[in-house]
Each structure stands twice: as C-alpha cells, then as structure tokens.
Amino acid sequence: MAKAYASRIIAAPVEAVWAVIRDFNGMPGWNPAIFDSVIEDGRDADEVGCIRSFRLGDGTKVRERLLELDDSRYFFAYNFETPAFPVDNYRARFSLIPLTTGEETLAIWEAAFDEAPEDAGKYVDIVTNGVFAGGLAALASKLESATHPAPKDTRWQGLRPAKVYCASRLDAPLATVWAAVRDFAGMADWHPDITAMTMLDGARSDKVSGVRDFLFGEGRLHEQLTYLSDADTAFRYKINASPMPWLNYHAGLRLYPVTADGTTLAVWTADWVASPQDDLTLIPTVHQNVFQRAFDTLNAQLSGSMPSSQQG
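The model shown is predicted, which means the values in this text are computed figures rather than measured ones.

Reading guide: rules and limits
- Per chain, the residues get numbers from 1 upward, laid out in the order the sequence is written.
- Note on the predicted model: pLDDT of at least 70 is required for a residue's local features to be given, and 80 or more for side-chain atom pairs to be given and counted; whole-chain, interface and lining totals, by contrast, use all residues.
- Think of the side-chain values as coming from all heavy atoms in the structure, minus any hydrogens and water.
- Helix and strand definitions follow DSSP, with helices as H or I runs of at least four residues and strands as E runs of at least two, each counted in order from the N terminus.
- Every residue pair with non-hydrogen atoms within 4.5 Å of one another is taken to be in contact.
- In what follows, salt bridge is the name for a side-chain nitrogen of Lys or Arg lying within 4 Å of a carboxyl oxygen of Asp or Glu.
- In summary, the pairing rule links any two rings of Phe, Tyr or Trp, Trp by its six-membered ring, whose centres are within 6.5 Å, and it sorts them by plane angle into stacked for under 30 degrees, edge-to-face for over 60 and tilted for everything else.
- Relative accessible area decides the class of each residue, using a 1.4 Å probe on protein chains only: under 20% of the type maximum gives buried, over 50% gives exposed, and in between gives partly exposed.
- As a reminder, the over-ring test applies to NZ of lysine and CZ of arginine, requiring each to be within 6 Å of the ring centre and within 35 degrees of the ring normal.

A. Representation of the environment of Glu64. Residue position: Glu64 is located in strand β4 (residues 61-70). Along the backbone, Glu64 and Asp278 are 214 residues apart, and their C-alpha atoms lie at a distance of 49 Å. Sequence-distant contacts of Glu64, that is, excluding residues within four places in its chain, are made with Phe24, Cys50, Ile51, Arg52, Phe54, Tyr78, Asn79, Phe80 and Glu81.

B. Here's a closer look at the pattern of salt bridges. All chains considered together, the criterion is met by 16 salt bridges. Across the pair Arg55 and Asp36 runs a salt bridge, and its minimum N-O distance is 2.4 Å. Here Arg55 is found in strand β3 (residues 51-56), whereas its partner Asp36 is found in strand β2 (residues 34-39), with 19 residues between them in sequence. Each of Arg22, Asp46 and Asp71 takes part in a single network of salt bridges with overlapping partners.

C. Quick peek at the packing of aromatic side chains. Counting across every chain of the model gives 24 aromatic pairs. Between the aromatic rings of Trp30 and Phe94, the centroid separation amounts to 6.4 Å while the plane-to-plane angle is 90°, which identifies the pairing as edge-to-face. With Trp30 in the loop between α1 (14-21) and β2 and Phe94 in strand β6 (residues 88-98), the pair connects residues that are 64 residues apart, well separated along the chain. Comparing Trp30 with Phe94 shows no difference in burial state: the two are buried. Arranged with centres 3.9 Å apart and planes meeting at 20°, the rings of Phe80 and Tyr90 form a pair that is stacked. In this pair, Phe80 is assigned in strand β5 (residues 75-82) and Tyr90 in strand β6, connecting sequence segments 10 residues apart. For the pair formed by Phe80 and Tyr90, the shared burial category is buried. Of the aromatic side chains, those joined through ring pairs into one cluster are Phe24, Trp30, Phe76, Tyr78, Phe80, Phe85, Tyr90, Phe94, Trp109, Phe113, Tyr123 and Phe132. Directly above the aromatic system of Tyr237 lies the positively charged group of Arg212, at a separation of 5.2 Å from the ring centroid. Between Arg236 and the ring centre of Tyr227, over which it is positioned, the NZ or CZ distance is 4.1 Å.

And the structure:
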C-alpha cells in the first residue's frame, strides 16, 4: 500500500486552525486548488457520512466521504467516493497537534492507497507534494497573516487521559532525534538532573519490560519500558519505584516529522493518580522541570547551542 504524508508547523493556535479545516465544505476558502465545493443532499458539513463534491481548477470533479470527526483531538478522516486519481482504497486523515511552547500547531495531512503496478510512486509524489504540502502551505499563508482571539475553552491535554502534555519543536530531522531518544538508558545524556542511569539485570535498552534505574536529583526511580515502536518513533513506560507521591504513573513520548522544514515535533504525555493538593506541584514540575527541560537540553545539543536555562 502506498502512503503520502506532509506536515507543517503553522504559526497560529490550534483552535484557529481547527476552526478553518473542520469545515468539510470549506476548502475553497483556504486552498486555491479547489474551485468550488458543496455537501450533497443538503447535509451539514460536520455530519459523519456526508459527501463533499468539489471541482479542481482543471474541472476535475471529486467526491469524498467524511468517515471520522473528532473535536477533542482535532482530526478528521475521509475517503474517495469519486477519485481524483486512478487509485484504490484511498483513505486520508488531517490532524492537528498543538505545541506547548507557543501558539503554534503541527498540521499533518496523510493518506494510504493502492496504486497500479505501472504507477508505483507516481501518485505518492503527486498527493504528498502537489496536494498535501501545497495545501498546507496555503493554509499557513491564510492563518499566519491573521489575528486570532484568545480561545474561550480550556485547551485539550493531548492523548487523554494525560495530566501532562508537552509538545516542542526540535531543530533536527526525525531520524537524528529518534537515534538520541530511542535509547531507554540514555536520558542522562539529555537531562541535566538525571545521573547514574543503567538498565537493571543487564537488560538491553530496547527490551520491552526492561527497567532503567537512575537518580533524579537525590531521588532514585525505576521505570519500565512498556512499548517501543520504530515505525511510529514512539515509546511508553511506567514507574515502578519513585519517591514522589503518585500511583500508576504511565508516560510516553512520540516524534512526528515536520516535512515542510525537516525538523521534528516531540510530544510527551504522562498520567498518574495523586491527591489534588499534590498535583498542584507535580503537574507543573513534570511539565517544566522534566519534559520541557529535557526537550530544551536535547534541542541545544542537536543544534549546537545551550539553552538559556543552562547558561551562566
């Protein structure tokens, strides 16, 4: 199965980006490749199952059916009813990920489909670069020149449930970042407060179920790897021993390629059980002193500079 993928960080808050792309009938308003669009049978554009019918600039008519729509996690999925290209089993997804280091949003447009053998790679290039990358550039141009009001509602916190959601751009390609973070015993190299990190019982750092032992300041922790994926550039883990007043701590990190500029978005989430009073300290501490501090240190290493928090 062929896959097309493009992504871009847009300098606008996720609420503003979602308000534009959520309208399944709204592409003519931001994508110059779309001449006009209508939702068939008089249905609303946010009714799952509705079909949008639109024309490209050359007059080609395309019909697409809305398969999924998620207001809490900012994504929708659709398929071809009348294809724009001679491909089969086309399914696409448009998703947004908010950054926590500023009012920016990672937009990801991706699709999977079957090409005829004689067309191998042809429509991957057309969809990736001509459709998705071009559309994302047009979307960014529309949104980055506008003024956006402050959101009325509390922003989501990532992959729920998650008490901590931290998303930060790293100025290096995905493969470079993944090589640095994939080593489950290597975090001492990219967090200044972590020392003496080793894998217990001689386990390899890519062994799912392996436990890393380390010092965070003066506290000792044991964290167990519960998931590792080279395909998704992601891992998850749980805490087995910690001096902190929490229970059932589970966390995970995932990397996303930003194809528009060759950088990487890193998303780290964590959840646990603790008293509301303890969470007043735990949540900001994990976000700022663990996750964001690790990202800042790693980014400084990858870009050859030190973060301001590490200087002087």
